[in-house]
Amino acid sequence: MEAAEPTTLPDGNEMESPTGAGDEESSRQKSDKHSEHDGDAQAEKWESDEGRNLGFWDIFVVQSTYSTAGCVVFTPYIFGQWGYVLGPMLFALWMLLMYGMACFVSNVMQQSHNNIKHHGDAGFELSGYWGRAMFNLFLMLNMIFYLPVAIETVAISLQTIANYPFNDGKGCVGYWKIITAALLFCLLQIVKKWKSVAWISYVSVTLLAIKSFALIPWGLVIGQETYKTSSINLGPAKPFLSPEPTWTGLIGGLYVYTSYAVMILAETVPHANNPKEYNKAMGLAHIFMYFLYCVPGWCSAFLWGWNVPFLINTGFVSNPALSTVLNIIIAGLVSLDFIIAAIIVNDAFRRAFISPGAAGPNWWQHLKCTLPSSLFALLLCIAVPNMEVITGLVSTIGGTPTLTFVISFAWLCGGRGFKSSKWMHAISIGWGIPTFLAQLVYSVYSIAITNYSIKDFFCLGE
């Protein structure tokens, strides 16, 4: 068959025949585009296999329980430093800001026609490759550094349950961290999907409510006399700030990870039965979390005083049975937090370094995905034996930027097409950057004064 004659354009130039070289170029472009998306399609195979199976209450329990269990034990300290009136006010403002930022990201996802499957994709929709890089960087830093915090929290609870002596808070926690890391690694081989996380979260949210609304107040009541006669009792709590405020105490009370809605938003919305209902479920979860935090904080302020340590050791209550029950609940709930963070980290590791479609039923591939993050978390626990240092790192390098100004800058630099409140983003930047800088100074200070001796970690003596 003869080749088609070229078509002459009005300006005298010739246009290639549709069946000629133009067709070959078009085919190459289509092929390249198809190849570019092959990896994405394969990467989403595991997610699509799971499907949209998260209902309204599934979303509520997952959002309500993630990171909440660990934060509840910190609120007495926060309310002691900031005051039992100013503390709840700051909490309310922070939770409202976090809900607004999460709703903004959720709306971006819903307007993207299902193109967003992961947190970095939301950044790409807002400001291109820069947005994706920033979103991924700070999210991964936060999740990776949260893993050792979870390991240490669970390890302390297990050590308390086993009635192993702390030696004034310096017991051989190093061995318990190794045991805890091994147990959590085994748990990761069982709980792999968000639906499984949701089912566990129903039990977790029930235990969390019992802990915050009943067990912690009860423990504070029966331990009141012991606290009043102890050396840590420095007087009653005040409505606004502590009687002896210090910059380290106030900055240490800025625990921004009381709401991690944004962190797991992009990972869970694709699995929601009705994404348009996601914001409502998330809003209800924020209201529930607010009272989960405030009840223990108020009880500690009114029953004990302003100088209240973290409620996660044998010194919290004098009743051994109650202490055991509380620490069992803490260990279980924080283990779920570890699983949620690990799912996000391990999935990103799988897509980047192993194979986009390798996270299905193949146990060996799943083992390779989960091992690096678990080992890193354990090694960081060994290298940095002070949990406050790691907690400060989580807030500084991951928490505050991810939750506030990184999102706002992405919107300002390229995402203005998405409708949002200028005031919300102004508050996000105005609150987020000073908080980030203050936490950075506090973290550097904590790192500088921490004892990194492995002898203390494993109780090998001097």
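This text goes with the structure placed above it.
Visitor: I'd love a proper account of the packing of aromatic side chains, names of residues and values included.
Guide: In the structure shown here, the tally under the stated rule is 16 aromatic pairs. Residues F91 and Y293 carry aromatic rings whose centres are separated by 5.5 Å and whose planes lie at 40° to one another, so their mutual orientation is tilted. One end of the pair, F91, is in helix α6 (residues 86-111); the other, Y293, is in helix α13 (residues 278-303), and 202 residues separate them in sequence. Exposure remark for F91: the relative accessible area of 7% places this residue in the buried category. Ring centres of F405 and F436 lie 5.7 Å apart, and the angle between their planes is 70°; on these two criteria the pair is classed as edge-to-face. In this pair, F405 sits in helix α17 (residues 405-414) while F436 sits in helix α18 (residues 422-449), placing the two residues 31 residues apart along the sequence. You'll find F405 and F436 in the same group, each marked buried. A cation sits over an aromatic face here: R132 above F124, 4.4 Å from the ring centre.

Visitor: Could you give an account of the nonpolar core, with specific residues and numbers?
Guide: One finds Y66, F104, M143, W194, V197, I264 and F338 to be the most contacted residues of the largest nonpolar core, which totals 111 residues. With 17 residues, the single largest contributor to this core is helix α14 (residues 320-354). Sequence-distant contacts of F338, that is, excluding residues within four places in its chain, are made with Y146, L147, A150, I151, L184, L188 and S374.

Visitor: With reference to specific residues and values, describe the packing of helix α3 (residues 56-65) against α13.
Guide: Packed helix pairs are characterised by how far apart their axes lie and by the angle those axes make with each other. Contact pair α3 / α13: the axes reach a minimum separation of 8 Å and the direction vectors enclose 40°. In terms of axis orientation, α3 runs oblique to α13. α3 and α13 meet at a crossing whose hand is right-handed. Judged by residue contacts, F56, W57, I59, F60, Q63 and S64 of α3 engage Y278, K280, A281, M282, L284, A285, F288 and M289 from α13. Residue composition of the contact of α3 with α13, grouped by class: 11 nonpolar, two polar and one charged.

Visitor: Please give an account of helix α7 (residues 119-161) that cites residues and values.
Guide: Here α7 contains 43 residues, and its C-alpha end-to-end distance of 37 Å is more than 12% below the 63 Å for a straight helix at 1.5 Å per residue. Of all the bends in α7, the greatest, near 150°, is centred on S127. N163, located one to two residues past α7, shows a positive phi value of around 60°.

Visitor: Can you explain the packing of α6 against α13? Please cite residues and give values.
Guide: Running from N to C, α6 and α13 cross one another at 160°; their axes reach a closest spacing of 10 Å. Relative to α13, α6 is oriented roughly antiparallel. Relative to α13, α6 is oriented so that their crossing is right-handed. Facing α6, whose interface residues are P88, F91, A92, M95, M98, Y99, A102, C103, S106, N107 and Q110, α13 presents N279, M282, G283, H286, M289, Y290, Y293, C294 and W298. Grouping the amino acids of the contact of α6 with α13 by side-chain chemistry returns 14 nonpolar, six polar and no charged.

About the criteria used
- Residues numbered from 1 in each chain as written.
- Predicted model: local features only at pLDDT ≥ 70, side-chain atom pairs only at ≥ 80, totals over all residues.
- Heavy atoms only, no water.
- Phe/Tyr/Trp six-rings, centres within 6.5 Å; stacked < 30°, edge-to-face > 60°.
- Helix = DSSP H or I, 4+ residues; strand = E, 2+ residues; numbered from the N terminus.
- Buried < 20%, exposed > 50% of the residue type's maximum accessible area, 1.4 Å probe, protein only.
- Lys NZ or Arg CZ within 6 Å of the ring centre and 35° of its normal.
- Core = buried A, V, L, I, M, F, W, Y, C linked by side-chain atoms within 4.5 Å.
- Contact = heavy atoms within 4.5 Å.
- Axes fitted to C-alpha atoms, helices over the stretch in contact; angles between N-to-C directions.
- Parallel < 35°, antiparallel > 145°, perpendicular 65-115°, else oblique.
- Left-handed = near helix turned anticlockwise from the far one by under 90°.
- Nonpolar A, V, L, I, M, F, W, Y, C, P; charged D, E, K, R; others polar.
- Expected span 1.5 Å × (residues − 1).
- Bend = angle between axes of the 7 residues up to and from the residue.

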